[in-house]
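Chain by chain, the residues:
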Amino acid sequence: MERLLNLTMCLMATSRFLTVSQLGELVEGYEPGVTGEEQEAFRRMFERDKAYLREIGIPLETGADSAFSDEVGYRIRRGDYALPDIALAPDEAAALALAGSLWSTTALAGPAASALRKLAAGSAAVGDGGLDPLTGLDTLAGLDTLDGFEPRVDATDPAFEPCLAAVQAGRAIRFPYRKVGETDVAERHVEPWGVLSWRGRWYLAGHDVTRGAPRVFRLSRFAGPVRPVGPGGAVRVPPDVDLHAMVSTQAPPDRVRTATLAVRRGTGHALRRGARPVHAACPPTELPPDLLTGPPAEVGCRPAEAGRRPVVPADMDLVEREFADTERFARWIVGSGPDVIVLGPPELRAAVVARLRAAAAGTAGAREAAAVPGGR
Amino acid sequence: MSAATDRLSRLLALVPWLRAHPGIPLPAAAEAFGITPRQLRDDLDLLFVCGLPGGAPGDLIDLSYSGDRITVADPQTLDRPLRLSVDEATALVVAARALADVPGLAGREALDRALEKLEKAVGAAGSVAGQVRVSLDTHAEVLAAVQRAVRQRRRVHLRYLVWSRDELTERDVDPMRVLVREGHWYLEGWCHRAEAVRLFRLDRIDGPGGVEVLDVPAAPPPGAVSRDTSEGIYRPGPADVRVVLELASPARWVADYYPVTGVRELPGGRLEVTLHARETSWLHRLVLGLGADVRVVEPPGLAAQVHALARRALAAYGLDAPAGGAGGER
């Protein structure tokens, strides 16, 4: 570690290009050696050190001072190395600190924190950065002014890190993927264009090589490891790609229809939002007193066929509401059990009845089990 | 990154950071770098023997810690931090852009200024940031009202849908903070109805008319402390029921949408999930809605309750329940 630091500082201090053998002499920690074997070991060590420096983003320049020299030399230009002066006012530093805190447990939490530290180091060096020298909590000062606002984004999907890495490297990937509602896992081959968090979930957008079309994949549905394919830098991202538009439109809404529903008073609040009341024309006396305790009453389309308003029990309201996906809407309605009854359209009613029958059949054996305390 | 590059990165940042914070106590510096004081001491001891070729005292990094305060007298060439790496630039630029999209954010103007400086400073390293995006979906009008209340420290009156009980409630709340967790916006505050700290999801406030900023100062009692959300928004309580469901493949999405505490793959693409729930009515709704795609493993009472609800609903359509297993009614 000392050697790496000494090497970095030596390369920064020089204005001339230093050759490997010069570095071997100059830098504390290198032993260039005399035998061929020793020299070979030193060269390997230098190659590894060079790779470390480049990995953390140190701009290592190669060249030679003289056109007659055929040995390559190295140096680090301080202007390329250093973070440019970024004099942040205290409120600006606070805003960026808030931004940095967005990544709670994601792979980007560490880089965000180290970026903030670099900014604090670079910003304060140019003068008054509004720092508290005792606590060093420069980046936290002024957070109170931001409405006590605390955004956090999680990325617990194991696929997040490899997908992010592939996007950064511009490298194609393969991964097993399970489409929603499907049991089978299919292998995908994708040129990644970007990753996006939308409504709290992470997506990968890219070009599906097999299907030859743009596709969006939810990271939580990756069914196995992500494997890079081919060289880095091979992926060309179309200049006009709009990640947000791709993800938000991946499932174009179906034809919108209107459902007519009877909703028991004091229930179905979520359902009522976005719904509008329909005023039944029938006098209340015609309505069954109680749909549940009374004899099975046919609530539905029969009166409508005769050109009249449907019959609704006294303790229910008649509402209309738009829906797009019949099965999804049916699932929602079925959840309300006897508190929401579908009057139309018929395919929604049929979907709800089918689900109710399935639920009744699936739980039929439970009555006895529940009736016996401690049974089974 | 390997442990070696991690540490090298930290050491290069440490020197200019310490220089910008002269006399900082060692524990505070360690905390800022997310390391232990012991680790920091090791770092300092290492930096102490590093420097320019020659190795004479004047060529070495000159730093000292007397008592617990650290001072850097001569950083040698390390007076400036290394520019941001691609990861660092991505992390900060993407997050700042996400915040900048939030309407009505106080400090928005400072954020814009900071973002402009940041984008200029990161240069090419920031180019990947265009390919990573976080959309913090907002409920702009409700959010604006709630933020105003937090800023002005005023009480709000909420018309709020308690989704788990399907109940529309009215309550006065002294706001404490606004949070975004797992894609949802929350107001945290002292609820006068519950006489406790509560979280309110903004999308369950009954529209822009569902929040009214009152002309009353917000005064949460001194004992009101923010909930620790580091383990997620939902914390199982002692009164919670353990629920185990077996999901057929079309219902696997449940594991994505609900705070499940356990997931087990079963043959045939089926999934067993465990969750803990305080309320039973939302569980009824979930299990009813899943129909044939779910089997209740635990608790036994849940299946019976769902069965009764399904029968009552079918009766409302003038229909009988299908002939079920041995226990089914005829």
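Residues numbered from 1 in each chain as written. Chains lettered and ligands numbered in written order. Predicted model: local features only at pLDDT ≥ 70, side-chain atom pairs only at ≥ 80, totals over all residues.

### Examining the packing of helix α1 (residues 2-13) of chain A against helix α3 (residues 36-55) of chain A
All names here are of chain A.
Okay, so step 1: Here α1 crosses α3 at 70°, and the two axes come no closer than 11 Å. The orientation of α1 with respect to α3, classified from their angle, is roughly perpendicular. Here Arg3, Leu4, Leu7 and Thr8 of α1 lie close against α3, whose contacting residues are Asp49, Tyr52 and Leu53.
Okay, so step 2: Counted by class, the contact of α1 with α3 contains four nonpolar, one polar and two charged residues. (Axes fitted to C-alpha atoms, helices over the stretch in contact; angles between N-to-C directions. Helix = DSSP H or I, 4+ residues; strand = E, 2+ residues; numbered from the N terminus. Parallel < 35°, antiparallel > 145°, perpendicular 65-115°, else oblique. Contact = placed C-beta atoms within 7 Å. Nonpolar A, V, L, I, M, F, W, Y, C, P; charged D, E, K, R; others polar.)

### Overview of the sheet that holds strand β2 (residues 62-66) of chain B
Within a sheet, neighbouring strands are paired by backbone hydrogen bonds and run either parallel or antiparallel to one another.
Residues and elements named next belong to chain B.
Okay, so step 1: Strands sit in the order β1-β3-β2 across an open sheet of three strands; the sheet is antiparallel. If you trace the sheet from one side to the other, it starts and ends with β1 (24-25) and β2, each paired once.
Okay, so step 2: Sheet topology note: the β1/strand β3 (residues 69-74) ladder contains two bridges and is antiparallel. By the bridge assignment for β3, Pro25 is matched with Arg69. (Pairing = 2+ DSSP bridges.)

### What to know about the pairing of strand β11 (residues 260-265) of chain B
Two faces belong to every sheet, and in a regular strand the side chains alternate between them.
Residues and elements named next belong to chain B.
Okay, so step 1: β11 sits mainly on the outside: zero of its six residues count as buried.
Okay, so step 2: As defined by bridge partners, β11 adjoins strand β12 (residues 271-277) across five bridges and the pair is classed as antiparallel. Counted as the bridge partner of Val263 is Val273 from β12. (Buried ≥ 20, exposed ≤ 12 C-beta atoms within 10 Å, placed from the backbone.)

### Here's the deal with the interface of chain B and chain A
Okay, so step 1: Each partner contributes to the interface: chain B provides 121 residues, whereas chain A provides 115 residues.
Okay, so step 2: No other element matches helix α9 (residues 300-316) of chain B, which puts 14 residues into the side of chain B that touches chain A.
Okay, so step 3: Across the side of chain B that touches chain A, the residue classes tally to 70 nonpolar, 30 polar and 21 charged.
Okay, so step 4: Where strand β4 (residues 149-151) of chain A meets strand β6 (residues 167-181) of chain B, three bridges bridge the pair, whose relative direction is parallel. Bridge pairing links A:Pro151 to B:Val180 in β6(B).

### Focus on the sheet that holds strand β3 (residues 73-75) of chain A
Residue and element names in this part refer to chain A.
Okay, so step 1: Strand order in the open sheet formed by three strands is β1-β3-β2, and the pairing between neighbours is antiparallel. The two strands at the open ends of the sheet, each matched to only one other strand, are β1 (18-19) and β2 (61-63).
Okay, so step 2: By the bridge criterion, two bridges tie β1 to β3 in an arrangement that is antiparallel. Among the inter-strand pairings, Leu18 is bridged to a residue of β3, identified as Tyr74.

### What about the confidence of the model for chain B?
All names here are of chain B.
Okay, so step 1: Overall, the prediction assigns chain B a mean pLDDT of 84, with 93% of residues at 70 or greater.
Okay, so step 2: Mean pLDDT across the elements of chain B bottoms out in helix α7 (residues 254-257) (78) and peaks in strand β9 (residues 211-217) (92).
Okay, so step 3: Note that residues 324-330 has pLDDT below 50 and, in this model, 17 contacts with residues that lie over four places away or in other chains.
Okay, so step 4: Under the prediction, the complex receives an ipTM of 0.70, its pTM being 0.70. (pLDDT = per-residue confidence, 0-100.)

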